[in-house]
Structure formats: C-alpha cells, structure tokens
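# Examination of the molecular architecture
Here is how the chains run, residue by residue.
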Number of protein chains: 2
Amino acid sequence: MNSLSEKKSAGIVKTEYFTFAEPPEEMILESGDRLGPITLAYETYGKLNDDKNNAILIEHALSGSAHAAGKHHPDDKYPGWWDEYIGPGKPFDSDKYFIICSNVIGGCSGSTGPASINPATGRPYALDFPMVTIKDMVNAQFHLVKSFGIKKLLAVAGGSMGGMQALQWSVSYPEMVNSCIAIATSAYLSAQGIAFNEVGRQAIFNDPSWNEGNYYGKDVPAAGLSLARMIGHITYLSEKHMHEKFGRNFQDTSKTSRRINSEFTVESYLHHQGIKFVERFDANSYVYITRAIDYFDMQEDYSGDLAAAFEDANANYLIISFTTDWLYPSDSAKQIVKALRVSGKNVNYTDIVTDNGHDAFLLPGELLEKNITNFLKSQYSRLQISEDN
Amino acid sequence: MNSLSEKKSAGIVKTEYFTFAEPPEEMILESGDRLGPITLAYETYGKLNDDKNNAILIEHALSGSAHAAGKHHPDDKYPGWWDEYIGPGKPFDSDKYFIICSNVIGGCSGSTGPASINPATGRPYALDFPMVTIKDMVNAQFHLVKSFGIKKLLAVAGGSMGGMQALQWSVSYPEMVNSCIAIATSAYLSAQGIAFNEVGRQAIFNDPSWNEGNYYGKDVPAAGLSLARMIGHITYLSEKHMHEKFGRNFQDTSKTSRRINSEFTVESYLHHQGIKFVERFDANSYVYITRAIDYFDMQEDYSGDLAAAFEDANANYLIISFTTDWLYPSDSAKQIVKALRVSGKNVNYTDIVTDNGHDAFLLPGELLEKNITNFLKSQYSRLQISEDN
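Residues numbered from 1 in each chain as written. Chains lettered and ligands numbered in written order. Predicted model: local features only at pLDDT ≥ 70, side-chain atom pairs only at ≥ 80, totals over all residues.

So, about the overall build of chain A. If you tally the helices and strands in chain A, you get 10 helices and 14 strands. Expected size for 389 residues packed as a compact globule is a radius of gyration near 21 Å; at 21 Å, chain A falls within 12% of this value. Per-residue burial for chain A yields a buried fraction of 54% across its 389 residues. Looking at chain A alone, contacts between residues at least 24 apart form 72% of all its contacts between residues at least 6 apart. (Helix = DSSP H or I, 4+ residues; strand = E, 2+ residues; numbered from the N terminus. Rg over C-alpha atoms; globule rule 2.2 N^0.38 Å. Buried ≥ 20, exposed ≤ 12 C-beta atoms within 10 Å, placed from the backbone. Contact = placed C-beta atoms within 7 Å.)

Given below as structure tokens:
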C-alpha cells in the first residue's frame, strides 16, 4: 500500500449532470408526491471495465456533494471531500475501479432540490419541494447507475448519511449490490440525533431572512444557517479532540482583554465554520436533508426487527464505527452488525480506536484505509471468480 | 431515612432580599469593574442555632433561583428546584440545619443583574452590566452569609454551576467553609462546554429582537432564548435516557401525516421547554451567566496545577458525578478528586450509576440522597465534637 505522502490525486475532474431522460421523467416519492424533472449532479473517477463489474457508488453525508475527489481547477485550495480515500492507489482505487459519486435529491450542489425551479410555478420550489427520504435519494441514484449500463455495483459506500444510503441500497436493490460499506452510521436516527437536527432547523427558522423559505434572490438566512452548522460541528468532534485542539485558549491571550464578548479559540473556529458553510450551502436543503435523516428508520416497517429488514439483501457488508463518535456511537453500528448476522449475512466489523469523533470518516486514518482497501480487493476478486465459473 | 413518599415539604416560603448595607455598598469585581448597589435574592429553610454552626449554603445552577424548596403559594404547581433534597427529614434537613439558597449576581430572579437599573443612567444595564465571574458570585454571597453572623458554614453545596461556586467558596474563604459538596461539576469548563454555551448565545444574538441587549420594555428575544434553552436541554439528558423517554415517536402517529414540518415527540418536548423558559428567564442574564461558566477555571492561576489551587482549602469534600453525564463527565470529577487527594484533603467521591445524565442531580435518587445525608451527618457531628473540645 502506498503511504499517505505517495498517494496520487484523481486529478482535474468535472461535475456532470444526469437528467432522467426516459418517460415518465419523474419519480413517485415515498410520500406519494411526484417529483420531476429530476437532475442528479455526479462525478466519476477511473474507468468502467468491459464487464461493467468494477463500479463503486459513493454516497455523501449531510453537507457533501458530487465532488468527492480531485480538483475542479489546478489552483483549487481543497480537493473533493473524500480525496483521502478516492484516487489512484487509494482505497477506492481509480486505477482499478470505476467510482461514481452522486449528489442527493433535495441537495443544493447541482441536483434537483428546493432551490430548483418548480415547473408548476416557474419559481424556486422553496418549501413546496416535496419531502424526500433516504429511500427516495437511493431510488433517484438507481436511474443514474442504470444509465451507465451497470447491472451490479461492486460496492456502495458512504459515511454518516452516506452510510444510511449505502445500507438502504442493499435492501432496496438487493440484486444490484455486491457489497456495502457503511461507516459511522446507524439504521435509524436516535432521539438525540433528531434533537440536534431540530435545533439546527430552528436556528434557520428564527433567522429574520428566513421568510418561510422564500428568500431566493433576497438576503439568505445566513446567520441561522451558520448557527445550524456550528451546532453540527460540535457533534462531529469528540469532547477529547476538541479539548486537545482548542483547550481553553483565547484568541486574544492577554487576560485583561477578557470581557463578555471576548473569543475563545473554539468559538472562533465554530464561527469560521459557520460562515464558510453559508457560502456553499442552501438553508432549505439543510432543512430537507436533516429531515430525511430524521425520518430514516430501517426497522420501522418490520416492527422494530432490524434483522428482518436485511432479510432479502444479497450484499457482503463492511461496517465501521469510531470509538469516540457520539453522534453515531459504536452501539449503533453493533446493532446493524447483530441484525446482519441474525439474518445470515456476511459482515466484517471494526470499531476503530480514535480521538477524532464522527469526523474520523473524513480524516486520514490508516486503519480505515486498510479496511476499505482489503475489503474491496477481496470483493472484487470473489466477484471475478464467481463470474468466471 | 424516610422513603420518598413520606418526605415533608419545607412548606410555604418567601424569597427575601439582602442589599449590601455597609459602605462601600459595592464590590470590586474580578475584572476590576465596580458594581453597586447590590441586592441578592435568597431563601432560608430551618433555623440558625445559637452556635450558628448549622448553616448550609446552597448554590444554584445556570437557570436556578433562590427558590430551592417549598412553595410560594399553596396552589403553586411546582415546588423549588431542589425540593427533592431540601426540607424536613430530607438530605438538607431543615429540621436540623439552617439552609440558605442565594440567587447569583448577574441573574434575573431578584438579584442585581443586567435587567437591574444602572444608577449611572437610570435605565437597565443591559450589556453595560459588568462581566461577573463565579468568584464574583461567591464574593457577593460572602456578604449575605456574614449578615447572619455566621462565621463558618457547615457546608456549601451545589450541582453544575452550583458545584463550581461550592468549590470556589472552599478556596476563596477557606476559614469559612467546613465542608463542600460539589455535584456534576468541573474545576473548569471544557472546550465542548464553551462551544455549547456559545451556540446558545448566538441563538440569542441572532434574534431580531435582541437589539444588543436593549430590549427591556419591548419585545424580548424570545425565539433566541428559547432555542438556547433547547440546545441546553439536549446536553442535560443522556442519549440513552432521551431515547427511552421519546424514542422515534411522533406527536401525530399516523404515518401519512409525516411531512417536512411534522413533529417528533422529542422536538415537541424541546419546544415546550424553550417556551416555558422564556417566561421566567432574561436573555441578558443567560448571556452573562453562561460567560461566567465559560471563564471558570480554578487551575488557571496555578499553571494548570489543580492541586495547588486547593492547597489552602480547609474543607472536607463530597464529590459526586453521574455515569451518563456527558456535559460534566465523571472524568471532570475524578480530576477534582485527584487534585484534592494530592493536596492532602479529605475527600469522598461517588460516581453514581444512572441513565439520567447531567439532570440526575435535580432528580430523585436514593444514592445521591444517602451520600448527602450521611456526609452532612458526619460533618455536623465532627464539628460539634471539635467545638466541644
């Protein structure tokens, strides 16, 4: 395996757009509402082989986008959100696999969402956008995957909300998913998770520019969205990591400067994260996507029997949690693992020891790298052997 | 010990007001600013004995008040905030001890705070109120305690921010504190704690009625303060307790009613807590008191050596933490215990197993009751023996 310093980039990449072409050019959502036309933003890295059996679908988290690896311009300051793990010689190896990362419906990074034009009115949907669920996001991606002529994905993979989508793929399209990599996630959101999402939404609703979501072309609810992001960021870090990173340090170190509105370093960090987020994210999408996460519950239709939910899945699973992740604690992963084992599935599970909290799935980590690399290698070689027979 | 059902109430009580009477009738605060005149709201339960050695000072938490036990009117729906633990036959036994609970300066329940009239302007202080610290709160209470002719407190006790004050009392006035009961607290606030306080403050600052704190006589920043309280409440409950209490239940149970703005039970609970809080609390006080908590750091003046901070204390300590308290985790208490032991103090420590999280110090709990009851009994009898000799 290459060491971190030797890793190569996926290079200069471009976001592409897929619009549902075949009639009815719309989807019936889980709520019963119809949504159309539908566009999905996506990127691909590597090449689809002739057997079309080396495709991996990458799923992003709440604030992610289709831009998972490489850079759009040579002078981009940062690469895609999972560049640590996607690229030549990396765990999702673009020299070997064909990697697709699709933005979700409801999002604001090129896919159809609340900021898109509602064909019924000619104006942005805003809160007239129908409720979308994790299942709906997956159903939309199904059309994108089919458009490549792919019959079976080598793997579906993601962390956090991306992990929810990966799990959902494995039960919504069992015949299309060879393996599923679900990291730092849960089969349903906890009450605490719902609570954190709700205070974030309330921060947006309280913003004087909110205007029931009809702020397009006017001032956006920047302070509210920024605060929602600040709240989110607290939950992404472990208490220990936060204390080691920021401690009780002040921006201005002179003690006499400490007044009611002085800034601790941790506050300055959160303010910065909030402000940065507003530049790239839409408040309505934040409301819709957090709601989709809230509503995710794989066991709901099975009277709380999660094993029954996985009954018809055909995938092999790699489940990973992080010891200091308190937003999606290791216990959530262990529930998934237990249910998969009860339903007779093949499952690899690792609880990775780290101080990095929920954010660990986005950060460099040798154990996470090795787990993904070797799981995929094994899946790919098994798939080829079974196809040869 | 009486069982819970047999416990008696402190009865009908009244909040009293103590105004600094002796010149200079003001305090020099830790910041160097002067504050005066100063009034403290307080309540007492039980009788001060002739030796004046049975007095216990109770310290409240962020949102507390002087009203710790009994009721103000027979038809009050709820008693004082620590009624479980204060009253005849209860751990803080008003048949035996003279119990004082003082509201803090900076507060909004009768003590001098940002809503008080600034003598320099004739208008409410608002953000012209000087920054107050935990040490300042304790220094103000010193005057109240002296006004009773009390030379030594049998105990100073509190949970959360109340525990910070109790610890501070034991080092600010070592000759006046016989024993210290600090529950669910820390010797300094963690970076995560600061972060949660800050997002609460930002919720207030984002409220269109905030007006830099000058909202008295106008609309108060109700939505912001309510949201700050909602965020706080998430941190007071354990993830497990929250899930057991609310799960993923909906207010409206029909599945077809689930839309973008449907309500989970946990959301409804938080909204209710937020709205209730606005009726009784002032947003400026929330800002000032959370800042006082942020700034609390007993080891800061001792180069991070907490044992050195306790060097001159003369108190015996009872330190209590709760296994599921993630706002003030057991490790915070263990740091205090370790420092007290290094500095040669007499310390009792219990890490109480509970699902109730930080809120456990306010809820009925047999182990908490027994720990306090027996610690106080032992302290009181030792004090009497040493005075007899």
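This part is about the interface of chain A and chain B. Chain A puts 41 residues into the contact, and the matching count from chain B is 41 residues. Broken down by secondary-structure element, the contributors of at least two residues to the side of chain A that touches chain B are α3 (191-205), α4 (222-236), α5 (239-246), α6 (265-278) and α7 (283-295) of chain A. If one sorts the elements of the side of chain A that touches chain B by residue count, α3 of chain A sits on top with 9 residues. Here the side of chain A that touches chain B is built from residues that sort into 24 nonpolar, 7 polar and 10 charged. (Nonpolar A, V, L, I, M, F, W, Y, C, P; charged D, E, K, R; others polar.)

All names here are of chain A. Annotation of chain A at the domain level lists domain 1 (4-188 + 298-388) and domain 2 (196-288). Inter-centroid distance (C-alpha atoms) of domain 1 to domain 2 is 27 Å. Among the residues forming the side of domain 1 that touches domain 2, the class breakdown is 10 nonpolar, 8 polar and 2 charged. (Domains from an automatic or database assignment.)

Moving on to the sheet that holds strand β12 (residues 179-183) of chain A. Residue and element names in this part refer to chain A. Pairing is mixed in the open sheet, where 8 strands are placed in the order β1-β4-β8-β5-β11-β12-β13-β14. The open sheet has two edge strands with one neighbour each: β1 (16-19) and β14 (347-352). Neighbour-to-neighbour, the strand axes of the sheet open up by a mean angle of 20 degrees, direction not taken into account. As defined by bridge partners, strand β5 (residues 55-59) adjoins strand β11 (residues 155-159) across 4 bridges and the pair is classed as parallel. The partner of Glu-59 across the bridge, within β11, is Gly-158. (Pairing = 2+ DSSP bridges. Axes fitted to C-alpha atoms, helices over the stretch in contact; angles between N-to-C directions.)

One copy of the chain maps onto the other through a rotation about an axis followed by a shift along the same axis. When chain A is fitted to chain B, the best match, at an RMSD of 0.0 Å, comes from turning it 180 degrees and sliding it 0.0 Å along the axis. In symmetry terms, the pair is related by a two-fold rotation axis. Residue by residue, 100% of the interface of chain A is reproduced at the interface of chain B, so both copies engage with the same surface. (Least-squares fit on C-alpha atoms with pLDDT ≥ 70 in both.)

Bringing the confidence of the model for chain A into the picture now. For chain A, per-residue confidence averages 94 on the pLDDT scale, and 97% of positions sit at 70 or higher. Segment residues 1-5 of chain A is flagged for pLDDT under 50; beyond a separation of four residues in sequence, or across chains, it makes 4 contacts in the model. (pLDDT = per-residue confidence, 0-100.)

So, about the packing of helix α3 (residues 191-205) of chain B against helix α7 (residues 283-295) of chain B. Residues and elements named next belong to chain B. Interhelical geometry of α3 versus α7 gives an angle of 160 degrees and a closest axis separation of 10 Å. Considering their axes alone, α3 and α7 lie roughly antiparallel with respect to each other. Seen from above, α3 lies across α7 with left-handed handedness. Seen from α3, the contacting residues are Ile-194, Asn-197, Gly-200, Arg-201 and Ile-204; seen from α7, they are Ala-283, Tyr-286, Val-287, Thr-290, Ile-293 and Asp-294. (Parallel < 35°, antiparallel > 145°, perpendicular 65-115°, else oblique. Left-handed = near helix turned anticlockwise from the far one by under 90°.)

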